[in-house]
2 protein chains.
Amino acid sequence: MSDFEDLMAFSHITAALGQIAGRLGWDQEAMMPRGAVEQRAEEMAALEGVLHARKADAKVGEWLSSIDDASLDGTGQAQMRLIRKDYVRSTKVPADLAAEIARVTSRSQGQWAQARADEDVKAFLPVLKEVVSLKRQEGQALADGGEVYDAMIGDYEPEMTAAELSIMFNALRPRLVDLRSKILQSGSPKELSGTFPEGVQMKLARKLARCFGYDMSHGRVDKVVHPFCSGSGLDVRITTRTNENDPFNCIYSTIHEVGHAAYEQGISRDYLLTPIGQGVSMGVHESQSRIYENQLGRSRAFTSWLFDEMTRAFGAFGISDAESFYGTVNRVHNGYIRTEADEVQYNLHIMLRFDLERALMDGNLQVKDLETAWNDRFCQDFGYRVDKPSNGCLQDVHWSLGLFGYFPTYSLGNVYAGCLYEKMRVAVSDLDTQLSRGDTRAATGWLRDNLQQHGSLRTPRETIMHASGAVPSSTPFLTYLETKFSELYRLT
Amino acid sequence: MSDFEDLMAFSHITAALGQIAGRLGWDQEAMMPRGAVEQRAEEMAALEGVLHARKADAKVGEWLSSIDDASLDGTGQAQMRLIRKDYVRSTKVPADLAAEIARVTSRSQGQWAQARADEDVKAFLPVLKEVVSLKRQEGQALADGGEVYDAMIGDYEPEMTAAELSIMFNALRPRLVDLRSKILQSGSPKELSGTFPEGVQMKLARKLARCFGYDMSHGRVDKVVHPFCSGSGLDVRITTRTNENDPFNCIYSTIHEVGHAAYEQGISRDYLLTPIGQGVSMGVHESQSRIYENQLGRSRAFTSWLFDEMTRAFGAFGISDAESFYGTVNRVHNGYIRTEADEVQYNLHIMLRFDLERALMDGNLQVKDLETAWNDRFCQDFGYRVDKPSNGCLQDVHWSLGLFGYFPTYSLGNVYAGCLYEKMRVAVSDLDTQLSRGDTRAATGWLRDNLQQHGSLRTPRETIMHASGAVPSSTPFLTYLETKFSELYRLT
């Protein structure tokens, strides 16, 4: 075998072990008995140690030196680029630090869930302080003297920086604030009320998952506290949640996670268990989940079909017609929870987290001051006070998992989704007609053909450019939002 | 740290990775989408490769040489004995053979399930032939020129041999055949009939699991095709199955698996993620599952309580009173399926498998002739012909998993259960009174204190001797069976 083939065989095993780590994460949230937390932390640390050792293995360094990238085809060069990036990252982070992060975040996740249930921020802060300290150490090891938070972002969105995101957020904010202000001054669509049995919601969720092309023979749907998607290749599992007073929570969590899953399931089988064989970045991933959830799932066309499905599933539920239902689905309203936020306000939630976690990483904010900082900033942005920690700084799982740098990729995903949707509308000329029949095949097929199938073949930015045919910009997203909500709320 | 501490730290990580492998096995049976089989095979092979490399790591060999066992306490010496056994085994089996076995058995398991569903033996034979060939290679590597099948047995029952089992089986057979013949000539208790909703069965199963001391905060109960127990320490999961015409299948599968789980959950936390921290052998494990299921669960005392529970759960179900119910539970009847066999005939099923798999391993039986050999032997032992493969050689998952040498430990477990039960009846003087109230605490507590808590501290034989206070013998088991069934069937 050539050196490249040897490297790919080695990488194949590393990828398989990485899939196992992902599945343990799924198990921990969806299946694991609560008393198993401490043992699971040991198991995750053990596996993380093995993965780290493989990624930083001296053999990999030798292969990377001995292989001439120019002798490979484009795919081979992309594999090399991804393996090299992983190797460089892994050799910078000491193995014991990586294992300790795995151990502590596994434990802290359980403590976060308990603290959230108990509305007890103080119970969570000691372990969060540990997590922040460990992640800062990791960031310093990665940053080469640059901004620690940039190194964190790079784990989720290669080649992106906090400075660039700041510029993007500063461009978004005034137009979003303006739009939000105009909307909240106008009349509000009817709110959903009533009781929607959880079993019926789960049945509808599975139907919607299939409607958006989720392949159940290579996945499954389970209930968790905080929905996520897990796995690549032939085993891509999604999770959702139910609230019997709010079926939209379940419906749109499901469609969102199906967007993530469709990306992983849509990647060419040629790339199975190779570095290319998974989504290229969180921002691009989020572009898929958000375009499924919002541009498609919350469109007037699709909600007209969904209105009939809801009526079939739950009987009459207090909304008189599809047009009113469209308003209800897209109702802009005050609220505390990011994952329940409407499209207009969602990015304000992200900007809050972006600024706070950047400050935590830079050392400009201490963990003990986090709750106050969150509550002050929330009041400043949204105009009312946080009422309880589960509606405030305990609402998201991310920080307990050490996922600093992850939040801004949600807004980046919205921007990317805007770029893709603009192009998709040109490519699929009768999109609305199809969506009004609940037929997503042309839309999701376009995404699969132009983006999903390629996995990590290109960099994140190139991936979006390849699919959309243009340099990524926040303009299409803002135009989409302003057009949709001006029309919906009859703004002038 | 001392060399011993270093070795134990290394062993701790290996044990944690071993727990992950076990959980993947659980996932594959209980949760995994069917389209993920091929990818899972790669994942299992990757993890098996890592485990094999750790067990055979030269560092372990050096530690084993440098550490003076005599300088350690009894626990330390037991840890050394177990690590040494694993190391010697692992260095004998080439890494690529171990990985190939993991890969092929992961795939063959899916093919077995499909072949079983399709009643298609031929579809299963090619992959079974691969499994047999790989396991024979492994056996030859382990056997040091001795009997290949002995090496296989040693994986599940250290220090046991086919010759010794043959002697035991030859002693059991005539008395079992005699007892069976007398029973089948006498009148038969009433058979259960009717429909028992699966949801109610699962609810009762969970109640019974708790009744026998299963700790739900460190485990969970799910439905699968072929029930099993998985995991050690803080995460021990059981599975069961339901058949709406036969609630005993679910009830006694559950109690059986709880017996296994109680052993793992009962081991002292001091041994968590160490070699001592898991059941010492399959035979001893099976002694726990069988004593829970049979000596306790199928006793007149316990079934009088279960009769009331069944009536509460399902309403009147056609059996008039507790004494009739005891007869129905213990009804000796013709049947094809090992796991559904009564206590009297169960070991005849085992002896059939023991002889066939020994012949497969010795090369005296070819895979292509397996179905005929099975069917001929079944007819000889049971007096009627196998009607379909799922009632014949496709009924058990074991061979598809490469678990040759495992079956005889079931009968060994029955013998051990007989030894333990004889002693337990002396130690817990009012056992029947307690069981008739559905109170298993004294019985299961006695097992935990005298056997379960010690894990693998002693060898299998010593474990039984320590608990029962006597050299293991098949006499108590035969006496128990003959007494119980002579009385039940009014044999003279």
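Residues numbered from 1 in each chain as written. Chains lettered and ligands numbered in written order. Predicted model: local features only at pLDDT ≥ 70, side-chain atom pairs only at ≥ 80, totals over all residues. Heavy atoms only, no water.

Colleague: Provide a residue-level description of the sheet that holds strand S1 (residues 221–223) of chain A, including the pertinent values.
Modeller: All names here are of chain A. Reading across from one edge, S1-S3-S2 is the order of the three strands in this open sheet, with mixed pairing throughout. The open sheet is flanked by S1 and strand S2 (229–230), the only strands paired with a single partner. With two bridges joining them, S2 and strand S3 (residues 237–240) adopt antiparallel strand pairing. When the sheet's bridge partners are listed, Cys-229 is paired in S3 with Ile-238. Its contacts with the sheet place helix H10 (residues 247–266) against S2 and S3, and it is angled at close to 160° to S3. (Pairing = 2+ DSSP bridges. Helix = DSSP H or I, 4+ residues; strand = E, 2+ residues; numbered from the N terminus. Contact = heavy atoms within 4.5 Å. Axes fitted to C-alpha atoms, helices over the stretch in contact; angles between N-to-C directions.)

Colleague: So what about the pairing of strand S3 (residues 237–240) of chain B? Which residues, and what values?
Modeller: All names here are of chain B. By the alternation rule, side chains of S3 split into Arg-237 and Thr-239 and Ile-238 and Thr-240, which are all buried. Where strand S1 (residues 221–223) and S3 come together, three bridges link them in parallel fashion. Bridge assignment links Lys-223 to a residue of S3, and that residue is Thr-240. Between strand S2 (residues 229–230) and S3, which pair antiparallel in sequence order, lie six residues; one of them, Gly-231, sits at a positive phi of approximately 105°. (Buried < 20%, exposed > 50% of the residue type's maximum accessible area, 1.4 Å probe, protein only.)

Colleague: Account for the relation of the copies chain B and chain A, with residues named and values stated.
Modeller: For the pair chain B and chain A, the best superposition has an RMSD of 0.0 Å and corresponds to a rotation of 180° with a translation of 0.0 Å parallel to the axis. The superposition of one copy onto the other is thereby described by a two-fold rotation axis. Both copies share a contact surface, since 100% of the interface residues of chain B are interface residues in chain A too. (Least-squares fit on C-alpha atoms with pLDDT ≥ 70 in both.)

Colleague: Summarise the sheet that holds S3(B); cite the residues concerned and give the values.
Modeller: On the basis of which strands lie adjacent, the open sheet formed by three strands has the order S1-S3-S2 (chain B) and mixed pairing. Whereas interior strands pair on both sides, the edge strands pair on one side only; in this sheet they are S1 and S2 of chain B.

Colleague: Describe helix H5 (residues 95–118) of chain A, and please don't skip the residues or the numbers.
Modeller: It helps to recall that an α-helix has 3.6 residues per turn; residues three or four apart then point in one direction. All names here are of chain A. Over its 24 residues, H5 extends 35 Å from the first C-alpha to the last, a length consistent with the 34 Å expected when each residue adds 1.5 Å. When we look at burial in H5, the residues that qualify are Leu-97, Ala-98, Ala-99, Ile-101, Ala-102, Val-104, Thr-105, Ser-106, Ser-108, Gln-109, Trp-112 and Ala-115. If you follow the buried residues of H5, they end up packed against helix H1 (3–30), helix H2 (37–55) and helix H6 (121–143). Among the residues trailing H5, Glu-119 stands out with phi positive, at a value near 55°. (Expected span 1.5 Å × (residues − 1).)

Colleague: Residue-level account of the state of the cysteines, with values.
Modeller: Going through the model one piece at a time under the given rule, you end up with zero disulfides over all chains. In this structure B:Cys393 is a free cysteine whose sulfur lies 15 Å from that of B:Cys379, the closest cysteine sulfur available. (Disulfide = S-S within 2.5 Å.)

Colleague: Summarise the interface of chain B and chain A; cite the residues concerned and give the values.
Modeller: Contacts between the two partners involve 37 residues from chain B and, on the opposite side, 37 residues from chain A. Here chain B packs against chain A, burying approximately 2800 Å² in sum over the two surfaces, 62% of which is carbon and sulfur. The interface formed by chain B and chain A holds six salt bridges in total. Across the chain B-chain A interface, the total number found is 16 residue pairs in polar contact (both at pLDDT 80 or more). For the side of chain B that touches chain A, the elements supplying multiple residues, two or more each, are helix H1 (3–30) and helix H2 (37–55) of chain B. Residue classes in the side of chain B that touches chain A are distributed as 18 nonpolar, nine polar and 10 charged. (Buried area = accessible area lost by both parts, 1.4 Å probe. Salt bridge = Lys/Arg side-chain N within 4 Å of Asp/Glu carboxyl O. Polar contact = N/O pair within 3.5 Å; in protein donor to acceptor, adjacent residues only side chain to side chain. Nonpolar A, V, L, I, M, F, W, Y, C, P; charged D, E, K, R; others polar.)

Colleague: Please set out the packing of helix H14 (residues 346–362) of chain B against helix H15 (residues 370–382) of chain B residue by residue, giving values where relevant.
Modeller: All names here are of chain B. Contact geometry for H14 and H15: axes closest at 10 Å, N-to-C directions at 150°. Where H14 crosses over H15, the handedness of that crossing is right-handed. Seen from H14, the contacting residues are Leu-348, His-349, Met-351, Leu-352, Arg-353, Asp-355, Leu-356 and Leu-360; seen from H15, they are Leu-370, Ala-373, Trp-374, Arg-377, Phe-378, Asp-381 and Phe-382. (Left-handed = near helix turned anticlockwise from the far one by under 90°.)

Colleague: Explain the pattern of salt bridges to me, using residue names and the numbers behind them.
Modeller: Residue and element names in this part refer to chain B. Evaluated as defined, the whole model comprises 80 salt bridges over all chains. The closest approach of N and O atoms between Arg-40 and Asp-27, which form a salt bridge, is 2.8 Å. Of this pair, Arg-40 sits in helix H2 while Asp-27 sits in helix H1; the two residues are 13 residues apart in sequence, bridging distant segments of the chain. In this structure, Glu-323 engages Arg-300 in a salt bridge whose closest nitrogen and oxygen atoms are separated by 2.8 Å. Within this pair, whereas Glu-323 is found in helix H13 (residues 322–329), its partner Arg-300 is found in helix H12 (residues 300–314), the two being separated by 23 residues in sequence. Given a relative accessible area of 41%, Glu-323 falls into the partly exposed group.

Just geometry here; none of it tells us what the structure is for.
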